[in-house]
Amino acid sequence: TNWGANLIIGTHPHVVQNSQWIKLKNGKKAFCIYSLGNFANGQVKPDNLIGAVYRCHFKVRFYPNGKKSVSILEPKLHPYVTVYGSGHSDIHVEWLKDYTPKEALSHGVRSSNSSFNYNFICDVLKKNISSRYLVMPKRRRKK
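Okay, so let's go over this structure. The structure presented is a predicted model; accordingly, all values stated were derived computationally and were not measured.

### Points about the packing of aromatic side chains
Consideration 1: Counting across every chain of the model gives 5 aromatic pairs.
Consideration 2: When the centroid spacing of 5.1 Å and the interplanar angle of 70° are considered together, the rings of Trp21 and Phe31 count as edge-to-face. Of the two residues, Trp21 is situated in strand E2 (residues 16–23) and Phe31 in strand E3 (residues 29–36); the sequence distance between them amounts to 10 residues.
Consideration 3: A relative accessible area of 0% places Phe31 in the buried class.
Consideration 4: On the numbers, 4.9 Å between centres and 75° between planes, the contact of Phe31 with Tyr133 is edge-to-face. Taken together, the residues Phe31 in strand E3 and Tyr133 in the segment after helix H2 (118–128) connect sequence positions 102 residues apart. The pair formed by Phe31 and Tyr133 is uniform in burial state, with each residue classed as buried.
Consideration 5: Taking NZ or CZ as reference, Lys29 lies 4.3 Å from the ring centre of Trp21, over its face.

So, in structure tokens, the structure goes:
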């Protein structure tokens, strides 16, 4: 932020981590996402199968003196799950809003970790990302 960044995105820890505004005494601020987690992968730790995509709007102001300023508006993290079948077959990514509890129960990771389920995914996200920025799916009505 001191060097002029308006947005900082981290990825290395393989798990989702929180986000926050970093504010300096001079009024400068930047949005910092500590980790978006993994994307498509075949890892066996359930936390490593949960990630998020960052979405925001940028507002750029141009001033008569030639300077400009950039603002980050409406920062949000949209969660997804890396999915695979038995033997790590058919690795792909699904938005959490489209993923179902039934699908979670048939995830290939359950052969080595039976605690993986839809509630586990939601708990990890809610524990690690502020509700201010996390876009969780609306609860589905049972048919």
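### Re the pattern of salt bridges
Consideration 1: This structure, assessed with the given rule, holds 1 salt bridge.
Consideration 2: For Lys97, the salt bridge goes to Asp98, with nearest N and O atoms at 3.6 Å.
Consideration 3: Using a relative accessible area of 43% as the deciding quantity, one classes Asp98 as partly exposed.

### Some points on the pairing of E2
Consideration 1: With 7 bridges connecting them, E2 and E3 associate as antiparallel partners. Among the inter-strand pairings, Gln20 is bridged to a residue of E3, identified as Cys32.

### Considerations on the sheet that holds E3
Consideration 1: With mixed pairing, 3 strands are arranged side by side in an open sheet as E1-E3-E2. Sheet topology places strand E1 (7–9) and E2 at the edges, where each strand pairs with a single neighbour. Each neighbouring strand pair of the sheet contributes to a mean axis angle of 10°, computed without reference to strand direction.
Consideration 2: Of the strand pairs in this sheet, E1 and E3 are connected by 3 bridges, and their pairing is parallel. Among the inter-strand pairings, Leu7 is bridged to a residue of E3, identified as Phe31.

### A few points about a nonpolar patch on the surface
Consideration 1: Together, Phe58, Val60 and Phe62 line one region of the surface with nonpolar side chains, adding up to about 340 Å² of accessible area.
Consideration 2: Assignment of secondary structure puts Phe62 in strand E4 (residues 50–62).

### Observations regarding the side chain of Thr82
Consideration 1: For Thr82, the position within the fold is in strand E5 (residues 68–83).
Consideration 2: Dropping the residues within four chain positions of it, Thr82 is found in contact with Phe39, Ala40, Asn41, Leu49, Ile91, His92, Val93 and His107.

### Examining the side chain of Ser19
Consideration 1: Its location among the elements puts Ser19 in strand E2.
Consideration 2: Here Ser19 falls in the buried class, since its relative accessible area comes to 3%.
Consideration 3: Not counting chain neighbours up to four residues away, the residues in contact with Ser19 comprise Phe31, Cys32, Ile33, Tyr34, Leu77 and Tyr133.

### Things to note about the nonpolar core
Consideration 1: Grouped together as the largest cluster of nonpolar side chains are 29 residues, with contacts concentrated most on Tyr54, Leu96, Tyr99, Phe116, Ile121 and Leu125.
Consideration 2: Looking at this core, the element that brings in the most residues is H2, giving 6 residues.
Consideration 3: Excluding residues within four positions of it along the chain, Tyr54 makes contact with Leu7, Ile9, Phe31, Ile33, Leu36, Ile72, Pro75, Lys76 and Leu77.

Calculation criteria
Residues numbered from 1 in each chain as written. Predicted model: local features only at pLDDT ≥ 70, side-chain atom pairs only at ≥ 80, totals over all residues. Heavy atoms only, no water. Phe/Tyr/Trp six-rings, centres within 6.5 Å; stacked < 30°, edge-to-face > 60°. Helix = DSSP H or I, 4+ residues; strand = E, 2+ residues; numbered from the N terminus. Buried < 20%, exposed > 50% of the residue type's maximum accessible area, 1.4 Å probe, protein only. Lys NZ or Arg CZ within 6 Å of the ring centre and 35° of its normal. Salt bridge = Lys/Arg side-chain N within 4 Å of Asp/Glu carboxyl O. Pairing = 2+ DSSP bridges. Axes fitted to C-alpha atoms, helices over the stretch in contact; angles between N-to-C directions. Patch = residues over 30% accessible without salt bridge, like charges linked within 9 Å, V, L, I, M, F, W, Y side chains within 5 Å. Areas by Shrake-Rupley, 256 points an atom, 1.4 Å probe, with all protein chains shown as cover. Contact = heavy atoms within 4.5 Å. Core = buried A, V, L, I, M, F, W, Y, C linked by side-chain atoms within 4.5 Å.

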